Amino acid sequence: MIRLEHVSKTFSGQNEVHAVRDVSLHIAPGEIFGIIGFSGAGKSTLVRCINLLERPTQGKVFVDGLELTALGEKALRQERKKMGMIFQQFNLLMQRNCLDNICFPMEIAGVSRGRARKQAMELLELVDLPDKAGAYPAQLSGGQKQRVAIARSLASDPKVLLCDEATSALDPQSTRAILRLIQKINRETGITVVVITHEMTVVEEICHKVAILDHGEMVETGRVEDIFSNPQTDAGRRLVYPDGVALEQLPTGRVVRVAFNGNSSYEPLVASLAMDCGVKVNILGADTRSIDGKAFGTMLLGLPQDGTEAARALAYLKGQANVTVEEVRDYHG
Amino acid sequence: MDKFLSQMTEIFTTPKYLEEFLDGIWETTYSTVVSTAVAFLLGLVLAVLLVVGDKDGVRPLPTPIMKALNIVINILRSVPFLILMLFVLDLSLVLVGTKIGTKAAIPPLIVAAAPFIARLVETSLRETDRGVIEAAQAMGCSPFQIVWKVMLPECRPALISSFTTSFITILSYGAMAGAIGGGGLGKTAINYGLYKFNGAVMLVATTLIVILVQIAQAIGGHLAQRSDKRLR
Ligand SMILES: Nc1ncnc2c1ncn2[C@@H]1O[C@H](COP(=O)(O)OP(=O)(O)OP(=O)(O)O)[C@@H](O)[C@H]1O
Ligand SMILES: [Mg+2]
């Protein structure tokens, strides 16, 4: 549905900023695709390259088989009508009430007023705000505003929904509700969703696939459970395990991170480690996350100071099925 | 003081004065409304050009055009009104067929006020939330639609305030125009106060101007506030 080929964006100015560097990715129809990275990584720039709010300095953008980068202004505007977008700051028209905000894209598309209003009411039902038709954005909470923005983005019946930090201005509860709503819409309509975020939890909650962006480069991409259970890059690890333990404070030598895919759990493993090879390890931290309904556990283990014992423990852990082990070198949080 | 009192009594007992004031109110109101309407429209168009044609605007225009536009507006704004009026009165002769009276003052008022209004409105339009404009672009709005359906409606309260300010500014310019042949309350005040040494008439005429300004400000302020949906 969306294909980026070697997309780069450089902002020229006194000092050039390479906001996006040579990113290629493919997002399949019906997928919820997360793009995650730290602040300034170029996430917003990248997503704005998809609907060409930002024109890439290099590379091609295809949406639904059409090369957007080759289109003229007018044809591009036509294509943009088939893409919805929601923002961190909602960006509703403050002088229009909710119903008229939702009517706006249809007005632009030339839909008759009567039909637009009818469809807008249906969309308000969909986002669970049927009684807010006449309310102005200033009268709504953040979560409600984002619901209206979602309804508005769906009004033109788009094939693609772009979400730039759509939940970053919301409290955890509203965040969940909005994510549920996006998930529900994705399941019911098969719309392709691109979710930009700096929070791993958002990706875990709804995304099927994820790309990690670091300093404008896409350093990792793949299924969420794969990236989550075994991040390959430094940026990936810092995103997946945001609050680490400072290494200086650890009483032990080496630290390893053990991740369980699926059903296994960590207590029996630590016990069997002690029994089977006589090595005691410290559990420095443990965490279970649920991704797309499946439970994933991770555990930080401090290995003994003694080199041979540590090696034995490591070998034992690596020998376990459904477990990935990885040494943590720079654990400074 | 006796003279002032007797002049005052005269105003309220002689129908001639009443007529003079009523005419003055009418002429002032009429010329101000017409001038403001036309000047505001012109100013609005200029302001939209300034904002939209800017290099980060929604429809950038060639830099030389923008430069020229800015320079012309700045020049017109910096020439003192009375001098500008002397120049533009020839235009009045062509447009309305006379160089004196209420009608003659309208073209100079428009020429003097439009650039001022352009700057006033420009400031408001620039304050439109960038994010909202971006959202509109993402929805496939054309530059015209962005101006017409986003910028202007979103700025409506500010535009009403600008209109009020324009109206009041033009009212005071119009009073000045009384000095060189314009009509209305300004003319009455200057004629009587300056040339006929009738302080009472001058005072009443000036008070009437002040009252008109107060009314305009009250109505404008009220409308601006009522139309702003961000406040509720
Ligand atoms: N219009 C612009 N002109 C110049 N530099 C820009 C512009 N927009 C973004 N940048 C720069 O590009 C880089 C990436 O910015 P971007 O907004 O894409 O980051 P982000 O990942 O979305 O960050 P955040 O999570 O804070 O929103 C930053 O260094 C930023 O300063
Ligand atoms: Mg951003």
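For clarity, every value in this text was computed on a predicted model and none was experimentally measured.

Draft legend 1. Representation of the overall build of chain B. In terms of regular secondary structure, chain B is built from 10 helices and zero strands. Going from the N terminus to the C terminus, chain B shows its helices and strands as α-α-α-α-α-α-α-α-α-α. With respect to the principal axes defined by its C-alpha atoms, chain B has extents near 70 × 45 × 25 Å. Counting across all 232 residues of chain B, residues that qualify as buried make up 48%. Residue pairs in contact within chain B that sit at least 24 positions apart in sequence constitute 72% of those at least 6 positions apart. Entry remark: accessible area of chain B is about 11,800 Å², with carbon and sulfur atoms responsible for 69%. Charged side chains in chain B number 19 positive and 15 negative. The centres of these two groups are separated by 5 Å.

Draft legend 2. Structural detail: the sheet that holds strand 6 (residues 83-87) of chain A. All names here are of chain A. Spatially, six strands are ordered 6-7-8-3-9-10 in an open sheet, and the strand pairing comes out mixed. In this open sheet, the two edge strands, each paired with only one partner strand, are strand 6 and strand 10 (217-223). Across this sheet, the average inter-strand angle for adjacent strands is 15°, counted without regard to direction. Across six bridges, strand 9 (residues 209-214) lies against strand 10 in antiparallel orientation. Counterpart to Asp214 in the pairing with strand 10 is Glu217.

Draft legend 3. Broad picture of unusual backbone geometry. All names here are of chain A. Backbone geometry at Leu52 places phi at a positive 60°, although glycine is not the residue there. Assessed through its relative accessible area of 4%, Leu52 is described here as buried. Phi is positive for Asn91, which is not a glycine, with a value near 55°. Of note, Asn91 is situated in the loop between strand 6 and helix 3 (98-108). Since its relative accessible area comes to 6%, Asn91 is described here as buried.

Draft legend 4. Structural detail: helix 4 (residues 113-126) of chain A. Residue and element names in this part refer to chain A. In this model helix 4 runs 20 Å from its N-terminal to its C-terminal C-alpha over 14 residues, within 8% of the 20 Å that 1.5 Å per residue would give. Buried within helix 4 are the following residues: Ala116, Ala120, Leu123 and Leu124. Looking straight down helix 4, one finds that the buried residues subtend no more than 100° of arc, so they occupy a single side. Facing away from the buried side of helix 4 by more than 90 degrees, the exposed set consists of Arg115 and Lys118. Against the buried residues of helix 4 lie helix 3 and helix 5 (142-154). Backbone geometry just downstream of helix 4 places Asp128 in the positive-phi region, at approximately 70°.

Draft legend 5. Summary view of the site of ligand 1. Residue and element names in this part refer to chain A. Lining the immediate environment of ligand 1, one finds Phe11, Val17, Ala19, Phe38, Ser39, Gly40, Ala41, Gly42, Lys43, Ser44, Thr45 and Glu165. Here an oxygen atom of ligand 1 sits 2.8 Å away from a polar atom, N or O, in the side chain of Lys43. Ranked by residue count, the leading element in the shell around ligand 1 is helix 1 (residues 43-50), at three residues. Tallied by class, the residues present in the shell around ligand 1 amount to five nonpolar, five polar and two charged.

Draft legend 6. Representation of the confidence of the model for chain B within the structure. For chain B, per-residue confidence averages 92 on the pLDDT scale, and residues scoring 70 or more make up 100% of the total. This complex was scored by the predictor with a pTM of 0.82 and an ipTM of 0.88.

Draft legend 7. Representation of helix 1 of chain A in the model. Residue and element names in this part refer to chain A. Buried residues dominate helix 1, accounting for seven of its eight residues. Residues of helix 1 that are buried: Lys43, Thr45, Leu46, Val47, Arg48, Cys49 and Ile50. One or two positions beyond helix 1, positive phi appears at Leu52, with a value near 60°.

Draft legend 8. Focus on the packing of aromatic side chains. Residues and elements named next belong to chain B. Taken as a whole, this structure holds five aromatic pairs over all chains when the rule is applied. When the ring of Phe81 is compared with that of Tyr173, the centres are 4.5 Å apart and the planes differ by 5°; the resulting orientation is stacked. Residue Phe81 is found in helix 4 (residues 81-96), and its partner Tyr173 is found in helix 8 (residues 156-177); the two are separated by 92 residues along the sequence. The class of Phe81 is buried, set by a relative accessible area of 8%. Measuring from ring centre to ring centre gives 6.3 Å for Phe144 and Trp148, while their planes differ by 15°; the resulting arrangement is stacked. Residue Phe144 and its partner Trp148 are located together in helix 7 (residues 143-154), separated by four residues, close to a single helical turn. On the basis of relative accessibility, which here comes to 58%, the residue Phe144 falls in the exposed class. Positioned above the aromatic ring of Tyr17, the side-chain terminus of Lys16 is 4.8 Å from the ring centre. Its guanidinium or amino end placed over the ring of Tyr192, Lys196 lies 4.4 Å from that ring's centre, counting from NZ or CZ.

The rules behind these values
Residues numbered from 1 in each chain as written. Chains lettered and ligands numbered in written order. Predicted model: local features only at pLDDT ≥ 70, side-chain atom pairs only at ≥ 80, totals over all residues. Heavy atoms only, no water. Helix = DSSP H or I, 4+ residues; strand = E, 2+ residues; numbered from the N terminus. Buried < 20%, exposed > 50% of the residue type's maximum accessible area, 1.4 Å probe, protein only. Contact = heavy atoms within 4.5 Å. Areas by Shrake-Rupley, 256 points an atom, 1.4 Å probe, with all protein chains shown as cover. Lys, Arg positive; Asp, Glu negative; His and termini not counted. Charge placed at Lys NZ, Arg CZ, Asp CG, Glu CD. Pairing = 2+ DSSP bridges. Axes fitted to C-alpha atoms, helices over the stretch in contact; angles between N-to-C directions. Expected span 1.5 Å × (residues − 1). Arc of directions from axis to C-beta. Near = heavy atom within 4 Å. Polar contact = N/O pair within 3.5 Å; in protein donor to acceptor, adjacent residues only side chain to side chain. Nonpolar A, V, L, I, M, F, W, Y, C, P; charged D, E, K, R; others polar. pLDDT = per-residue confidence, 0-100. Phe/Tyr/Trp six-rings, centres within 6.5 Å; stacked < 30°, edge-to-face > 60°. Lys NZ or Arg CZ within 6 Å of the ring centre and 35° of its normal.

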